[in-house]
Amino acid sequence: MDNRQAIGSWLSGPRAAAEEMGADFGYRGERLGLPQEGPGSIAPLGRRFGALFIDWTLCLVIAYGLIAPGDQTRAGNWAIVVLFVLSVLTVGTIGSTPGKRLLGLRVISVDGERLPFLRVWLRSMLLCLAIPALIWDRDGRGLHDRLSRAVQVRSG
């Protein structure tokens, strides 16, 4: 092997090196039986972060306006509780938070059905802990989605 080729695979990362050796990773969501593009396909990370930003802003406004007026620190702490309640109520009933709804996303079970309440509760709790949401698999699902057997998809 040429040294330049070894350096190139090192710089490209382990996935590129594995693909060069013949590994086929497929597209995100293929292992879950989801389409590659369009409705029902894996939600893009940018939209998911955008939805979370919208939801977090909404939760901060609610916490600051209704629970801890005039105290930004307390409002920030209460916003996590508001996010949990918002997530459980909205994902548990309509399958998406306000931010996800605005950006055309929804949360479903990996079998394509509505996510049962206990799994919505687990997913919301893990999301509020933040760490599980920052660990992704090759389909782009966070640990909170994997543990609750959920997937975020495009709704339309």
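Residues numbered from 1 in each chain as written. Predicted model: local features only at pLDDT ≥ 70, side-chain atom pairs only at ≥ 80, totals over all residues. Heavy atoms only, no water.

Caption draft 1: View of the overall build of the protein. A tally of helices and strands in the protein yields seven helices and two strands. Element order for the protein, N to C, with α for helix and β for strand: α-α-α-α-α-β-α-α-β. Total accessible area on the protein is roughly 9,300 Å²; 63% of this is exposed by carbon and sulfur atoms. (Helix = DSSP H or I, 4+ residues; strand = E, 2+ residues; numbered from the N terminus. Areas by Shrake-Rupley, 256 points an atom, 1.4 Å probe, with all protein chains shown as cover.)

Caption draft 2: Just helix 6 (residues 117-129), in detail. When the terminal C-alpha atoms of helix 6 are compared, their 19 Å separation across 13 residues agrees well with the 18 Å that a helix rising 1.5 Å per residue should span. Looking only at helix 6, the buried set comprises Arg119, Val120, Arg123, Ser124, Leu126, Leu127 and Cys128. Check the buried side of helix 6 and you find it contacts helix 4 (72-93), helix 5 (98-102), strand 1 (105-109), helix 7 (143-147) and strand 2 (150-154). (Expected span 1.5 Å × (residues − 1). Buried < 20%, exposed > 50% of the residue type's maximum accessible area, 1.4 Å probe, protein only. Contact = heavy atoms within 4.5 Å.)

Caption draft 3: Up close: the side chain of Arg141. Along the chain, Arg141 falls in the loop between helix 6 and helix 7. Judged by its relative accessible area of 8%, Arg141 is buried. A distance of 2.9 Å separates the side chain of Arg141 from the backbone oxygen of Ala150, its partner in a polar contact. If near-sequence neighbours (up to four positions away) are discounted, Arg141 is found in contact with Leu32, Arg48, Val110, Ile135, Trp136, Arg146, Arg149, Ala150 and Val151. (Polar contact = N/O pair within 3.5 Å; in protein donor to acceptor, adjacent residues only side chain to side chain.)

Caption draft 4: Fine view of the side chain of Thr97. Relative to the elements of secondary structure, Thr97 occurs in the loop between helix 4 and helix 5. Dropping the residues within four chain positions of it, Thr97 is found in contact with Asp55, Ser87, Thr90 and Val91.

Caption draft 5: Quick peek at the pattern of salt bridges. Tallied over the full model, the rule gives four salt bridges. In this structure, the salt-bridge partner of Arg123 is Asp145, at a minimum N-O distance of 2.6 Å. Taken as a pair, Arg123 in helix 6 and Asp145 in helix 7 lie far apart in primary sequence, 22 residues in all. Here Asp145 falls in the buried class, since its relative accessible area comes to 0%. Its salt-bridge partner being Arg146, residue Asp137 comes within 2.9 Å of it at the nearest N-O pair. Members of the salt-bridge network, linked through shared partners, are Asp137, Arg141 and Arg146. (Salt bridge = Lys/Arg side-chain N within 4 Å of Asp/Glu carboxyl O.)

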